[in-house]
Amino acid sequence: QRASSPPAQSEIWARVGDLYAGLELDVPAEAAYREALKLDSTRYRPLAAWLAAHQRHREAIELCDGPLKLDDNLPHFMFLASVLGTGQPSAEDYA
């Protein structure tokens, strides 16, 4: 069965990103996560988490900012808190 809907395709790309990330293949992992996001704008979490894990907190925060502006519910805030707690963000990341 083919995954023809954008959300289904996005799920596949996110899993491909997870596979590449697990193999520490950073360039294809990021590309796969970005493809997942392009297909489904609500699928920002895998890319944001990956960016934070690679000390790219500013980009991760910016990804989280859009959904928070649209829907300020608790799960979005909790995810942002987990992004901020990953690695060692600098003071500039919070600016």
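Let me begin by describing the structure that accompanies this report. In this convention, every chain numbers its residues from 1, walking through the sequence in written order. Only residues with pLDDT of 70 or above have their local features reported here, since the model is predicted, and side-chain atom pairs are shown and tallied only from 80 upward, although totals for entire chains, interfaces and linings are computed over all residues. Computation of side-chain values: all heavy atoms of the structure, hydrogens and water removed.

### What to know about the pattern of salt bridges
- Should a side-chain nitrogen of Lys or Arg be within 4 Å of a carboxyl oxygen of Asp or Glu, the pair is scored as a salt bridge. If you walk through the whole model with that rule in mind, you get 7 salt bridges.
- Between Arg15 and Glu11 there is a salt bridge, with its nearest N and O atoms 2.5 Å apart. Of this pair, Arg15 and Glu11 both sit in helix α1 (residues 6-22), 4 residues apart, roughly one helical turn.
- For every residue, the accessible area obtained with a 1.4 Å probe (protein chains only) is divided by the maximum for its type, and the residue is called buried under 20%, exposed over 50%, and partly exposed between those limits. With a relative accessible area of 57%, Arg15 lands in the exposed category.
- Here Arg43 and Glu11 are joined by a salt bridge, their closest N and O atoms 2.9 Å apart. Remark: Glu11 occurs in helix α1 and Arg43 occurs in the loop between α2 (26-39) and α3 (45-53); sequence separation between them is 32 residues.
- Connected through shared salt-bridge partners, Glu30, Arg34, Arg56 and Glu59 make up one network. Runs of E in the DSSP output that reach at least two residues are strands. Runs of H or I that reach at least four are helices, and both are numbered from the N terminus.

### Some words on the nonpolar core
- Core analysis: the largest hydrophobic core is formed by 13 residues, its most contacted members being Leu47, Ala48, Trp50, Leu51, Ala60, Leu63 and Val83.
- If you list the elements that add at least two residues to this core, you get α2, α3 and α4 (57-70).
- Counting residues per element, this core draws most heavily on α3, which supplies 5 residues. Joining through side-chain atoms within 4.5 Å is the link that ties buried Ala, Val, Leu, Ile, Met, Phe, Trp, Tyr and Cys residues into a set, and such a set is a nonpolar core.

### Overview of unusual backbone geometry
- You will see that Glu24, though not glycine, has its phi angle at about 60°, which is positive.
- A positive phi angle, near 60°, is found at Gln55, a position not held by glycine.
- Among the secondary structure elements, Gln55 is positioned in the loop between α3 and α4.

### Considerations on the packing of α1 against α2
- With axes taken as lines fitted to C-alpha atoms, and helix axes fitted only over the stretch in contact, angles between N-to-C directions fall between 0 and 180 degrees. Contact geometry of α1 with α2 gives a least axis separation of 8 Å together with a crossing angle of 165°. On the basis of their axis angle, the class for α1 and α2 is roughly antiparallel. The element α1 and its partner α2 pack so that their crossing is left-handed. For the pair α1 and α2, contact is made by Pro6, Gln9, Ser10, Trp13, Ala14, Val16, Gly17, Asp18, Tyr20 and Ala21 and by Pro28, Ala29, Ala32, Tyr33, Glu35, Ala36 and Leu39, respectively. Should an angle fall under 35 degrees it is called roughly parallel, over 145 degrees roughly antiparallel, and 65 to 115 degrees roughly perpendicular, with every other angle called oblique. Here a crossing is taken to be left-handed if its near helix is turned anticlockwise relative to the far helix by less than a right angle, and right-handed if that turn runs clockwise. Working rule for contacts: check all heavy atoms of both residues, and any pair within 4.5 Å makes them a contact.

### Points about α2
- Here the expected length of a helix is defined as 1.5 Å per residue gap, with one fewer gap than residues. With 14 residues, α2 extends 20 Å between its outermost C-alpha atoms, agreeing within 8% with the 20 Å of an ideal straight helix rising 1.5 Å per residue.
- Three or more residues of α2 are buried, namely Ala29, Glu30, Ala32, Tyr33, Ala36 and Leu37. For α2, the angular spread of buried residues about the axis comes to 160°, placing them on one side. Away from its buried face by more than 90 degrees, α2 exposes Val27 and Lys38. By arc we mean the arc of the directions from the helix axis to the C-beta atoms, nothing more.

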